[in-house]
Amino acid sequence: MGEAAKKLPRIVINEKFCKGCSICVDFCPTNVLEMKGSTVAVKDLGACTRCQLCDLRCPDFAIQVFD
Amino acid sequence: MSGTAVVEKKERVSVPFDYNKYLRPNKLPHIWCPGCGHGIVLKAMLRAIDKTGFSKDEICMISGIGCSSRTPGYVDFNTMHTLHGRALSFATGVKFANPRLKVIVVTGDGDALAIGGNHFIHTCRRNIDMTVVVMTNATYGMTGGQYSPTSPLETVATTSRYGNIEPPFDTCEMAKAAGASFVARGTAYHTLELEKTLHDAIMHKGTSVVDVIDACPTYFGRANKFKSTTHLMDVVEKDGTVNVKQADKLPPEKLEGKFLRGLLHKVDRPEYCEQYENLVMEKAKAK
Ligand SMILES: Cc1ncc(C[n+]2csc(CCOP(=O)(O)OP(=O)(O)O)c2C)c(N)n1
Ligand code: SF4
Ligand code: SF4
Ligand code: SF4
Ligand SMILES: [Mg+2]
């Protein structure tokens, strides 16, 4: 199963820093993230392309994506 | 996905930047509102500085007063948080006293162009070596959303409830006319392009002005009925600007009302500190 063997990225969210602006959710090209109350949460890790857009546009140093 | 996803460069995969290297951890999280563009600009600035290779001790970051001017408080360089509109005067003093420092001024559109407008044009005129990053959110964020010298016509602010009737400044045109030898524009939205622009601005010798269009969702966004920060960024930063390299290929109607991004002006012109030093040496030799 090639799909299952695919190495998943690691999305690190700093919940203390996240202000829930939803910029990362809105700009993620593959709908990986969602808002859960006032912080962001990972909804579909498998869809993450590691493009880094969420990190690049997060104003709050609150999200990073590691390979 | 309500925003428009644009991956600017493919090579930046899977290597997150270590911002902590340049931050003061005990000062974070920062005070900016959810979605405030100033945080995105700060991150681009840190990546740009990292690329220049200057050590933290070689950088001096100076600001005036405003939300944007809170920036130096969060970073581990030599920093000064000064008076409203006067960041450039302090910066001139610092640079003149120690020309080896790389001076970066972080200022707001109100700070730089309203109360500090005179300092702005005379800094450009002297062409003293420093980088001036103007965070243009078209409002006075810190004091509650009054209109600023860059607020577009007809926009609503706490001081223009029926729409602004004052024509805005074009910061870049003004900087160029006043004599700045490097003038560029970026947006928080085009964050990788901004990183490169800021890098080039810092490396340039002379006064570099970078006008950075960013969002104040709390005041400008709400007063002008933007649905979200993303909506504001899409309309003002993405759709409201065109990269100067693409501008030639576009018909004039596609450029109407849009701001050009990228490097807009660059000339070689004598730098102030260097000229002063030359003059002193010349006079000393003549004695
Ligand atoms: C001499 C003086 N006048 C007025 C003020 C009030 N004041 C503080 S910040 C500010 C405007 C800030 O706007 P801007 O520079 O655009 O920064 P922003 O908050 O939008 O990032 C004003 C008028 C002040 N602090 N000092
Ligand atoms: S790295 Fe790209 S694909 Fe993955 S969550 Fe962030 S924005 Fe979405
Ligand atoms: S962009 Fe940053 S602050 Fe905004 S919701 Fe995402 S992680 Fe939180
Ligand atoms: S008031 Fe506007 S400029 Fe100030 S922190 Fe909030 S969003 Fe940013
Ligand atoms: Mg402002």
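Residues numbered from 1 in each chain as written. Chains lettered and ligands numbered in written order. Predicted model: local features only at pLDDT ≥ 70, side-chain atom pairs only at ≥ 80, totals over all residues. Heavy atoms only, no water.

(A) Expanded view of the overall build of chain B. Broken down by element type, chain B carries eleven helices and eight strands. For chain B, the C-alpha radius of gyration of 19 Å lies close to 19 Å, the compact-globule estimate for 287 residues. With the principal axes as the frame, chain B shows a C-alpha extent of 70 × 45 × 40 Å. Relative to its 287 residues, chain B shows a buried fraction of 53%. Taking all contacts inside chain B whose residues are at least 6 apart in sequence as the whole, residues at least 24 apart take part in 69%. In the structure as shown, chain B presents an accessible area of about 13200 Å², 55% of it carried by carbon and sulfur atoms. Considering chain B, the positive charge centre built from 36 side chains and the negative charge centre built from 30 side chains are found 3 Å apart. (Helix = DSSP H or I, 4+ residues; strand = E, 2+ residues; numbered from the N terminus. Rg over C-alpha atoms; globule rule 2.2 N^0.38 Å. Buried < 20%, exposed > 50% of the residue type's maximum accessible area, 1.4 Å probe, protein only. Contact = heavy atoms within 4.5 Å. Areas by Shrake-Rupley, 256 points an atom, 1.4 Å probe, with all protein chains shown as cover. Lys, Arg positive; Asp, Glu negative; His and termini not counted. Charge placed at Lys NZ, Arg CZ, Asp CG, Glu CD.)

(B) Just the interface of chain A and chain B, in detail. In this complex, chain A contributes 27 residues to the contact, which on the side of chain B involves 38 residues. Note on chain A versus chain B: buried area summed over both sides is about 2600 Å², and carbon and sulfur give 64% of it. In terms of surface lost to chain B, no three residues of chain A exceed A:Leu56, A:Arg57 and A:Phe61, which account for 28% of the buried area on that side. If you look at where chain A meets chain B, you find nine residue pairs in polar contact (both at pLDDT 80 or more). Elements with a contribution of two residues or more to the side of chain A that touches chain B: helix H2 (23–27), helix H3 (53–57) and strand E4 (63–66) of chain A. Sort the elements by how many residues they give to the side of chain A that touches chain B and H3(A) lands first, with four residues. Here the residues of the side of chain A that touches chain B are counted per class, giving 14 nonpolar, five polar and eight charged. (Buried area = accessible area lost by both parts, 1.4 Å probe. Polar contact = N/O pair within 3.5 Å; in protein donor to acceptor, adjacent residues only side chain to side chain. Nonpolar A, V, L, I, M, F, W, Y, C, P; charged D, E, K, R; others polar.)

(C) Quick peek at the layout of surface pockets. Residue and element names in this part refer to chain B. What the largest pocket holds in volume is close to 510 Å³. Of all the secondary-structure elements, those providing two or more residues to the lining of the largest pocket are strand E5 (182–187), helix H6 (191–203), strand E7 (241–243), helix H9 (244–247) and strand E8 (259–266). Tallying contributions element by element places H6 first for the lining of the largest pocket, with five residues. The class makeup of the residues in the lining of the largest pocket is six nonpolar, six polar and nine charged. There is about 390 Å³ of room inside the second largest pocket. Tallying contributions element by element places helix H8 (residues 229–238) first for the lining of the second largest pocket, with three residues. For the lining of the second largest pocket, the class distribution of residues is eleven nonpolar, eight polar and three charged. (1 Å grid on protein atoms, 1.4 Å probe; cavity = no way out; pocket = protein on both sides within 12 Å on 5 of 7 lines; lining within 4 Å. Points joined across faces, edges and corners; volume = space filled by probe spheres on them.)

(D) The arrangement of the environment of B:His81 in detail. Residue and element names in this part refer to chain B. One can find His 81 in strand E2 (residues 78–81). Residue classification places His 81 among the partly exposed residues on the basis of a relative accessible area of 47%. When the C-alpha positions of His 81 and Ser 69 are compared, they lie 7.2 Å apart, and in sequence the two are twelve residues distant. The contact partners of His 81, leaving out residues within four places of it in the chain, are Ser 63, Gly 64, Ile 65, Ser 69 and Arg 70.

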